[in-house]
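Survey of secondary and tertiary structure
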Amino acid sequence: MKKKLGYKLIGGIVLYGIISFLIVASLVEWMFQEKAQSTEATRLYREALAITSNYAADYYRNRLTFEELATQLDVLSDYTEGEIWVVNHSGTVLIGRQEGEEAYEIKDFDIADFGAKYYRTGTFYDCFEEPVLTVFAPITVNYKVRGYVMIHKNIQQIYK
């Protein structure tokens, strides 16, 4: 009788240890992913702000041609290892889709979906097959928002 009780007690302790380890490991992984997302979002947000002030605003002020802006964004896209889009109020992607494509309309686009954050994760209105981190910054010219710069980066690439 005592042996059975001892085995049950040891088995219970081992099971409790395994479950506790799995819970702690999952919690640590989740915290790491949140920290990685937040850090990368902050970095990409700084890049997006630089793009809006240095390139996109100049385009809307007619100081930069569409082709020059597209070339600059292509170079910066390689630097950030993400996809950079210029999107207008209604959700039309002006720059950032595959070359040769016409302007692309994002279905159900609403910048308010971001809420108080400047980034979000997911497939971005089903534009991507895999989850991405999307960061946005408004393009402001003469105190008026003309559009948005969005940088999309694959979540798995961030976790690596």
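Residues numbered from 1 in each chain as written. Predicted model: local features only at pLDDT ≥ 70, side-chain atom pairs only at ≥ 80, totals over all residues. Heavy atoms only, no water.

**Examining the overall build of the chain**
Looking only at helices and strands, one finds 3 helices and 6 strands in the chain. For the chain, the succession of helices and strands along the chain, N to C, is α-α-β-β-β-β-β-β-α. The C-alpha atoms of the chain give a radius of gyration of 23 Å, which is well past the 15 Å a tight globule of 160 residues would have. Counting only C-alpha atoms, the chain reaches 90 × 30 × 25 Å along its principal axes. With 160 residues in all, the chain has 34% of them scored as buried. Summarising the internal contacts of the chain: among those between residues at least 6 apart in sequence, 49% fall at separations of at least 24. As displayed, the chain has an accessible area near 10,700 Å², and 56% of this comes from carbon and sulfur atoms. (Helix = DSSP H or I, 4+ residues; strand = E, 2+ residues; numbered from the N terminus. Rg over C-alpha atoms; globule rule 2.2 N^0.38 Å. Buried < 20%, exposed > 50% of the residue type's maximum accessible area, 1.4 Å probe, protein only. Contact = heavy atoms within 4.5 Å. Areas by Shrake-Rupley, 256 points an atom, 1.4 Å probe, with all protein chains shown as cover.)

**Focus: a nonpolar patch on the surface**
There is a patch of nonpolar side chains on the surface, built from Ile10, Val14, Ile18, Phe21 and Leu22 and spanning about 510 Å² of accessible area. Position of isoleucine 10 among the secondary structure elements: in helix H1 (residues 2-60). (Patch = residues over 30% accessible without salt bridge, like charges linked within 9 Å, V, L, I, M, F, W, Y side chains within 5 Å. Salt bridge = Lys/Arg side-chain N within 4 Å of Asp/Glu carboxyl O.)

**Concerning the nonpolar core**
Counting 26 residues, the largest nonpolar core has Ile51, Leu73, Ile84, Leu133, Ile139 and Val149 as its most contacted members. At the level of secondary structure, the elements contributing two or more residues to this core comprise H1, helix H2 (66-80), strand E1 (83-87), strand E5 (132-141), strand E6 (144-154) and helix H3 (155-159). The leading source of residues in this core is H1, at 8 residues. Once residues within four sequence positions are removed from consideration, leucine 133 is found in contact with Gln37, Glu40, Ala41, Leu44, Tyr119, Arg120, Thr121, Ile151, His152, Lys153, Ile155 and Ile158. (Core = buried A, V, L, I, M, F, W, Y, C linked by side-chain atoms within 4.5 Å.)

**Re the pairing of E5**
The buried fraction of E5 amounts to 8 of the 10 residues, a majority that puts the element mostly inside the structure. Bridge count between strand E4 (residues 119-122) and E5: 4 bridges; the pairing is antiparallel. Bridging from a neighbouring strand, glycine 122 pairs with valine 132 of E5. Joining the antiparallel neighbours E5 and E6 is a turn of 2 residues, in which asparagine 142 adopts a positive phi near 50°. (Pairing = 2+ DSSP bridges.)

**Re the sheet that holds E1**
In spatial order, the strands read E3-E2-E1-E6-E5-E4; together these 6 strands make up an open sheet with antiparallel pairing. The strands lining the two open edges of the sheet, one partner per strand, are strand E3 (104-105) and E4. Note: E1 against strand E2 (residues 92-95), 2 bridges, orientation antiparallel. If you follow valine 87 over to E2, its bridge partner there is valine 93. Of the strands in this sheet, E1, E2 and E6 touch H2, which is tilted by about 145° from E1. (Axes fitted to C-alpha atoms, helices over the stretch in contact; angles between N-to-C directions.)

**A word on the packing of aromatic side chains**
Any pair of aromatic rings gets described here by the distance separating the centres and the angle formed by the planes. According to the stated counting rule, one finds 12 aromatic pairs in the structure shown. Ring centres of phenylalanine 124 and tyrosine 125 lie 5.1 Å apart, and the angle between their planes is 80°; on these two criteria the pair is classed as edge-to-face. Taken as a pair, phenylalanine 124 and tyrosine 125 share a single burial class, namely buried. Members of the aromatic cluster, connected to one another through ring pairs, are Trp85, Phe109, Phe114, Phe124, Tyr125, Phe128, Phe136 and Tyr148. Over the ring of phenylalanine 114 we find arginine 120; its NZ or CZ atom is 5.6 Å from the centre of that ring. We note arginine 120 situated over the ring of tyrosine 125; from NZ or CZ to the ring centre the distance is 5.1 Å. (Phe/Tyr/Trp six-rings, centres within 6.5 Å; stacked < 30°, edge-to-face > 60°. Lys NZ or Arg CZ within 6 Å of the ring centre and 35° of its normal.)

Take it as geometry only, folks, not as evidence of what the structure does.
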